[in-house]
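Architecture and fold: a report
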Amino acid sequence: MGSCVSKGKDDDDSVHNVDFSGGNVHLITTKESWDEKLAEAGRDGKIVIANFSATWCGPCKIVAPFFVELSEKHPSLMFLLVDVDELSDFSSSWDIKATPTFFFLKNGQQIGKLVGANKPELQKKVTSIIDSVPESPQRP
């Protein structure tokens with residue numbers, strides 16, 4: 001894992017502590033939890049957006065609150081967060097070359113990918129996915 005400067009007790013939390021997995025974002029800590037969430041998404045007919053990220057990564061910290069916000073706005077999608085340092089072998093199997101990297105998965109298969117903390121492009125991809133999914137009966 002990368003090195004970080006420890007924060008003093010009186011430092012501003014908004015600059016140093018970023019909540020990577022608030023809202024409806026599920027933190028993936030094991031390969032088993034990944035498999036469980038993908039199976040759940042498959043059963044529920046949800047598209048998965050997986051954020052491969054790192055706690056020391058500046059751009060990851062910038063995009064994390066936006067990812068959380070998207071998860072709250074779009075409960076019809078499943079949002080997952082994978083820390084590339086915590087699950088390095090698993091992340092390598094996805095050929096992660098830079099963080100953040102977002103994968104869009106349907107029935108466990110990749111349908112899209114975005115590398116970098118590009119909020120407008122992430123929003124565009126999410127909107128495109130929402131528009132491509134047939135409306136469910138519970139939607140207004």
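What comes next concerns the included structure.

Procedures and definitions
- Residues numbered from 1 in each chain as written.
- Predicted model: local features only at pLDDT ≥ 70, side-chain atom pairs only at ≥ 80, totals over all residues.
- Heavy atoms only, no water.
- Helix = DSSP H or I, 4+ residues; strand = E, 2+ residues; numbered from the N terminus.
- Buried < 20%, exposed > 50% of the residue type's maximum accessible area, 1.4 Å probe, protein only.
- Contact = heavy atoms within 4.5 Å.
- Areas by Shrake-Rupley, 256 points an atom, 1.4 Å probe, with all protein chains shown as cover.
- Axes fitted to C-alpha atoms, helices over the stretch in contact; angles between N-to-C directions.
- Parallel < 35°, antiparallel > 145°, perpendicular 65-115°, else oblique.
- Left-handed = near helix turned anticlockwise from the far one by under 90°.
- Nonpolar A, V, L, I, M, F, W, Y, C, P; charged D, E, K, R; others polar.
- Expected span 1.5 Å × (residues − 1).
- Bend = angle between axes of the 7 residues up to and from the residue.
- Phe/Tyr/Trp six-rings, centres within 6.5 Å; stacked < 30°, edge-to-face > 60°.
- Pairing = 2+ DSSP bridges.
- Core = buried A, V, L, I, M, F, W, Y, C linked by side-chain atoms within 4.5 Å.
- Salt bridge = Lys/Arg side-chain N within 4 Å of Asp/Glu carboxyl O.

Counting secondary structure elements, the chain contains five helices and five strands. Counting from the amino terminus, helix and strand elements in the chain follow one another as α-β-α-β-α-β-α-β-β-α. Buried residues in the chain amount to 37% of all 140 residues. Once local pairs closer than 6 in sequence are excluded, the contacts in the chain between residues at least 24 apart make up 70%. A total accessible area of about 8,100 Å² is found for the chain, and carbon and sulfur atoms account for 50% of it.

What follows concerns the packing of helix 3 (residues 58–73) against helix 5 (residues 119–132). For the pair helix 3 and helix 5, the least separation of the axes is 11 Å and the interaxial angle reads 20 degrees. Classified by the angle their axes make, helix 3 and helix 5 are roughly parallel. With respect to the hand of their crossing, helix 3 and helix 5 are arranged in right-handed fashion. Here Ile62, Val63, Phe66, Phe67 and Leu70 of helix 3 come into contact with helix 5, specifically with Lys119, Leu122, Gln123 and Val126. Looking at side-chain class alone, the contact of helix 3 with helix 5 contains seven nonpolar, one polar and one charged residues.

Turn by turn, an α-helix covers 3.6 residues, leaving residues three or four places apart pointing in a common direction. Taking 1.5 Å per residue, 16 residues should reach 22 Å; helix 3 reaches 24 Å between its end C-alpha atoms and fits that length. The largest bend along helix 3 measures about 35 degrees and falls at Ala64, with the proline Pro65 one to four residues further on. Those residues of helix 3 that fall on the buried side of the exposure criterion are Cys60, Val63, Ala64, Phe66, Phe67, Val68, Leu70 and Ser71. Looking at the buried side of helix 3, the elements it contacts are strand 1 (25–28), strand 2 (47–53), strand 3 (77–83), strand 4 (101–106) and helix 5.

So, on to the packing of aromatic side chains. Tallied over the full model, the rule gives ten aromatic pairs. Linked through ring pairs, Trp34, Phe52, Phe90, Trp94 and Phe103 together constitute an aromatic cluster.

What follows deals with the sheet that holds strand 3. Here five strands make up an open sheet; going across it, the order is 1-3-2-4-5 and the pairing mixed. Strand pairing shows two members of the sheet lacking a second neighbour, strand 1 and strand 5 (109–115), which therefore form its edges. Going from strand to strand, the sheet's axes swing by 25 degrees on average, the running direction of each strand aside. Here five bridges tie strand 2 to strand 4, and the two strands are oriented antiparallel to one another. What sits directly across from Phe52, in strand 4, is Thr101. Across the sheet, helix 2 (residues 31–44) is in contact with strand 1, strand 2, strand 3 and strand 4; its angle to strand 3 comes to roughly 170 degrees. The strands that helix 3 touches are strand 1, strand 2, strand 3 and strand 4; relative to strand 3, the one it contacts most, it runs at about 155 degrees.

Once that is clear, we can look at the nonpolar core. Core analysis: the biggest nonpolar cluster contains 40 residues, and Trp34, Phe52 and Leu122 have the highest contact counts within it. Listed by contribution, the elements that provide at least two residues to this core are strand 1, helix 2, strand 2, helix 3, strand 3, strand 4 and helix 5. If you tally residues by element for this core, the top one is helix 3, at seven residues. Trp34 has contacts with Ile28, Ala50, Phe52, Leu80, Val82, Phe90, Trp94 and Leu105, leaving out every residue within four places of it along the chain.

Time to look at the pattern of salt bridges. Following the criterion strictly, the structure yields five salt bridges and no others. As a salt-bridge pair, Lys31 and Asp35 come within 2.7 Å of each other at their nearest N and O atoms. Here Lys31 and its partner Asp35 are both found in helix 2, four residues apart, which amounts to about one turn of the helix. By relative accessible area, which is 37% here, Asp35 ends up partly exposed. Put simply, Glu121 and Lys124 hold a salt bridge, and the shortest N to O gap is 3.6 Å. Note that Glu121 and Lys124 are positioned in helix 5 at a spacing of three residues, about one turn of the helix.

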